Amino acid sequence: MLEEQRGVTIWLTGLSGAGKTTICQFLEAELRSQGYKIEVLDGDVVRQNLSKGLTFSKEDRDENIRRIGFVANLLTRNNVIVLVSVISPYRAVREEVKKQIGDFIEVYVNAPLEVCEQRDVKGLYKKARDGEIKNFTGIDDLYEVPLKPDVECKTNEETIAQSTNKVLTKLEELGYTSSLLLPQVQNNCSRI
């Protein structure tokens, strides 16, 4: 176990299918292998447990993000690296939780809508386009792109390792970790 770990929340935001969970999994594996204390707050898992019963209205989405932010803040102030993987479509509530937490790295996982739709293994975009799902981010509800993210991962242009290394580099630059870049061999892995 590393002796002097500082807590930080790494908030991965972007459209469904952009690659948030994939990057989060790579970050988790690398940080755990180096002995860091990690917790993962995945949007789908949180909705099933912490935010059960909330709808997809703007008010309930904001409440969901506030709840995730509250838990992330508790963990961060107890020196845990928190990986949050959640669409979080609205800029104002993202800024709210960023101010609350303080030690916060916003990662914009950026992929064009058409790419996200091609990656959609659950068929959610098709259901949204067919009218079966209402208020679906990117289709009939907006996604407010971060204005100044700390890291931007363009997952339709980068490999998983390249995107992950951008986040690891930022963690090191800000003093949260020591050098943790994935081996060069991994840069040959496929795109998300």
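Residues numbered from 1 in each chain as written. Predicted model: local features only at pLDDT ≥ 70, side-chain atom pairs only at ≥ 80, totals over all residues. Heavy atoms only, no water.

Time to look at the environment of Cys-153. Locating Cys-153 in the fold gives a position in strand β5 (residues 151-154). Note: C-alpha distance between Cys-153 and Val-167 (14 residues apart in sequence) is 8.5 Å. The residues touching Cys-153, leaving out its near neighbours within four places in the chain, are Ile-23, Val-107, Tyr-108, Val-109, Asn-110, Glu-158, Ser-163, Lys-166 and Val-167. (Helix = DSSP H or I, 4+ residues; strand = E, 2+ residues; numbered from the N terminus. Contact = heavy atoms within 4.5 Å.)

Moving on, we get to the packing of aromatic side chains. Under the criterion given, the structure shown has three aromatic pairs. Relative to Tyr-143, the ring of Tyr-108 has its centre 6.1 Å away and its plane inclined at 20°; by these criteria the two rings are stacked. With Tyr-108 in strand β4 (residues 104-110) and Tyr-143 in the loop between α6 (124-129) and β5, the pair connects residues that are 35 residues apart, well separated along the chain. Tyr-143 matches Tyr-108 in its accessibility class, with the two residues each being buried. It is Lys-58 that lies over the ring of Tyr-90; its NZ or CZ is 4.4 Å from the centre. (Phe/Tyr/Trp six-rings, centres within 6.5 Å; stacked < 30°, edge-to-face > 60°. Buried < 20%, exposed > 50% of the residue type's maximum accessible area, 1.4 Å probe, protein only. Lys NZ or Arg CZ within 6 Å of the ring centre and 35° of its normal.)

Turning next to unusual backbone geometry. Non-glycine residue Ser-88 carries a positive phi angle of around 40°. In this structure, Ser-88 sits in the loop between β3 (81-85) and α4 (91-101). Located in the positive-phi region is Asn-135, a residue other than glycine, with phi close to 60°. The residue Asn-135 is located in the loop between α6 and β5 in this model.

It is worth spelling out the nonpolar core at this point. In terms of nonpolar packing, the biggest core is built from 30 residues, with Ile-10, Leu-31, Ile-81, Leu-83, Val-107 and Leu-171 touching the most fellow members. Only β1 (8-13), α1 (20-33), β3, β4, α5 (113-119), α6, β5 and α7 (160-173) provide two or more residues apiece to this core. Contacts of Val-107, omitting those with residues within four sequence positions, involve Ile-10, Trp-11, Leu-12, Thr-13, Val-151, Cys-153 and Val-167. Ranked by size, the runner-up nonpolar core spans 15 residues in total, among them Trp-11, Ala-72, Val-82 and Val-93. (Core = buried A, V, L, I, M, F, W, Y, C linked by side-chain atoms within 4.5 Å.)

What follows concerns the confidence of the model for the protein chain. Scored by pLDDT, the protein chain has a mean of 87; 90% of the residues are at 70 or more. Below pLDDT 50 for its whole length, residues 182-192 participates in 31 contacts with residues either more than four positions away or in separate chains. (pLDDT = per-residue confidence, 0-100.)

With that out of the way, let us pick up α7. For α7, which comprises 14 residues, the first-to-last C-alpha distance of 20 Å matches the rise-based estimate of 20 Å (1.5 Å per residue) to within 8%. Along α7, the positions that sit buried rather than exposed are Ile-160, Ala-161, Ser-163, Thr-164, Asn-165, Val-167, Leu-168 and Leu-171. Elements in contact with the buried residues of α7: β1, α1, β4 and β5. (Expected span 1.5 Å × (residues − 1).)

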